[in-house]
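In case you want the letters, here they are:
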Amino acid sequence: MVEKVDIKNRSGKMSAAPTPQNTPSSANNTTFGVKEPQFKTIDEGDEDLGAIDGRLDSLRHRTAQRVSELPTPVQKRISSLKGLQKEYSSLELQFQRELFELEKTFAKKYGPLFERRRELVHGEKEPSEEEIKKGVPEGEDISKVLEEKGQNDQRMKGIPEFWLTAMKNVLSLSEMITPEDEKALRHLIDVRLVYMEKPGFQVQFEFEENPFFTNKVLTKSYYYLEETGASNVFMYGSAKGDEIQWHPNADLTVRTVVKKQRNKNTKQTRTVKVSEPRDSFFNFFNPPQMEDDDEENPELDELLELDYQIGEDFKEKLIPRAVDWFTGEALEDYDEFGDLDVEDDDEDAESSSNENFSDSDDDSSENEDEDRTAHSKQNPAECRQQ
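Residues numbered from 1 in each chain as written. Predicted model: local features only at pLDDT ≥ 70, side-chain atom pairs only at ≥ 80, totals over all residues. Heavy atoms only, no water.

Student: Hey, could you run me through the overall build of the protein chain in this one?
Tutor: Secondary structure assignment for the protein chain yields 12 helices and six strands. By residue count, 32% of the 386 residues in the protein chain fall in the buried class. For the protein chain, long-range pairs separated by at least 24 residues make up 60% of all intrachain contacts whose partners lie at least 6 apart in sequence. Roughly 25,600 Å² of accessible area belongs to the protein chain as shown, and the carbon and sulfur atoms make up 48% of that amount. (Helix = DSSP H or I, 4+ residues; strand = E, 2+ residues; numbered from the N terminus. Buried < 20%, exposed > 50% of the residue type's maximum accessible area, 1.4 Å probe, protein only. Contact = heavy atoms within 4.5 Å. Areas by Shrake-Rupley, 256 points an atom, 1.4 Å probe, with all protein chains shown as cover.)

Laid out in structure tokens, this is it:
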């Protein structure tokens, strides 16, 4: 499987979660244009990639030579270990396939919940009082939630810009969305996950009628290879997106540029309009394709890796917890790079442990510095700009 990519904001910071309440639809002061993704690679430091490859080749050669010089009885034992490894890999493949089938089983159980979510988001139905109560945090006054906010609220259908707002709060997705894309994504009704019979998954985007394209549903399919990789998990094979049926002059993936051309013979000039590709979220439906002669193309590998990671973010982040991304609550679980933040508990434990120790009076100045450090560790959110 393609390794996970760390997609970082170039500023290294995460802004406050945009919602329709703090980001008026008429405002245009927030841009989520496509930025060049940054990948953590082996040559991220000062070392030359060629030198690292040379050392790896040398290490493999020395290891193979050392193993080949071992006594015959040891060689036989190593061969038997390789046999055991093959048996393990066979069982691991069975595990991965059964796990995939289990995911498909539970996807069917999630289905009614996600369909109900679609009805509420699109305003096709209203929630019952019992449904509302289930979502109210423990200890909060339910009457405040049930209280009518005014007659104007009755004119608002469903939850406006629900999916656009949720997507803009997922760092990797927000960097794909341009201001022009937002106008089209405001018509997004639902985003859902479908498991295919062949190992793989499909992300479906349902749109209401809009002035940009005629497709009611746009899909992006990700296919796994039949065999597993060295880590015994399904490997990403390929991806395919639907062709978007754009209305005339509404294609968001191209722009029209006016250029002047000069006739070499007559020296006369003329103005022509030329279409050029431009950054857009909707390029997501035209993924890069791996060709046989592109196996040694690092740039293409990075594009394929990024495309697969975007699909995983829809599958693992956005679709299961859409309301938490809409409200911004999901941001509390991720750091400024979009990764799950799992270090806070360890830091708190370390800070608490440090407070149990005290030094002599002679080192009082050092103690003050350590106390300040401990307090900063206890409150990582105060130190990290979001």
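Student: Would you mind going over the nonpolar core with me for this structure?
Tutor: If you look at soluble globular proteins, the nonpolar side chains tend to sit buried side by side. One finds Phe205, Phe281, Phe282 and Phe314 to be the most contacted residues of the largest nonpolar core, which totals 48 residues. Beyond its immediate chain neighbours, meaning those up to four positions away, Phe281 contacts Met167, Met176, Ile177, Asp181, Leu185, Phe205 and Phe314. (Core = buried A, V, L, I, M, F, W, Y, C linked by side-chain atoms within 4.5 Å.)

Student: Would you take a moment to explain a nonpolar patch on the surface for this structure?
Tutor: On the surface, Phe95, Leu99, Leu102, Phe106, Tyr110 and Leu113 cluster together to form a nonpolar patch covering roughly 570 Å² of accessible area. Along the chain, the position of Phe95 falls in helix α2 (residues 72–122). (Patch = residues over 30% accessible without salt bridge, like charges linked within 9 Å, V, L, I, M, F, W, Y side chains within 5 Å. Salt bridge = Lys/Arg side-chain N within 4 Å of Asp/Glu carboxyl O.)

Student: Whenever I open this one, the pattern of salt bridges confuses me. Can you help?
Tutor: It is possible for side chains of opposite charge to pair when their charged atoms get near one another. Tallying each qualifying case throughout the model produces 21 salt bridges. One salt bridge connects Lys104 with Glu197, and the closest N-O pair in it is separated by 3.7 Å. On the criterion of sequence distance, the pair formed by Lys104 in helix α2 and Glu197 in the loop between β1 (188–195) and β2 (200–207) is long-range, its members being 93 residues apart. Classification of Lys104 as buried rests on a relative accessible area of 12%. Accessibility expressed as a relative area gives 69% for Glu197, which makes it exposed. Put simply, Arg118 and Glu124 hold a salt bridge, and the shortest N to O gap is 2.7 Å. Judged by its relative accessible area of 11%, Arg118 falls in the buried class. Classification of Glu124 by relative accessible area gives partly exposed; the value is 42%. A single network of salt bridges, built from pairs that share partners, joins Arg118, Glu124, Asp190, Arg192 and Glu206.

Student: Could you clarify how one ought to interpret the side chain of Asp181 in this entry?
Tutor: Relative to the assigned elements, Asp181 resides in helix α7 (residues 179–185). Look at Asp181: it is buried, it has no salt bridge, and the nearest opposite charge is Arg278 at 6.6 Å. Only 2.7 Å separates the side chain of Asp181 from the side chain of Ser280, close enough to count as a polar contact. (Lys, Arg positive; Asp, Glu negative; His and termini not counted. Polar contact = N/O pair within 3.5 Å; in protein donor to acceptor, adjacent residues only side chain to side chain.)

Student: Would you mind going over unusual backbone geometry with me for this structure?
Tutor: The bulk of non-glycine residues show a negative phi, and the bulk of peptide bonds are trans. At Glu161, a residue that is not glycine, the phi angle is positive and equals roughly 55°. Relative to the assigned elements, Glu161 resides in the loop between α4 (142–146) and α5 (162–168). For Glu161, a relative accessible area of 21% puts it in the partly exposed group. The backbone of Asn249 shows a phi angle near 60°, a positive value even though the residue is not glycine. Topologically, Asn249 is positioned in the loop between β4 (234–241) and β5 (254–262).

Student: Would you take a moment to explain the pairing of β2 for this structure?
Tutor: Each regular strand displays side chains that alternate between the two surfaces of the sheet. Of all the eight residues making up β2, eight are buried; the element is thus mostly covered by neighbouring parts of the structure. Side chains Gly200, Gln202, Gln204 and Glu206 of β2 all project onto a buried face; the interleaved residues Phe201, Val203, Phe205 and Phe207 project onto the opposite face, where all are buried too. As paired strands, β1 and β2 are joined by seven bridges and run antiparallel to one another. Of the residues in β2, the one forming a bridge with Val194 is Gln202. (Pairing = 2+ DSSP bridges.)

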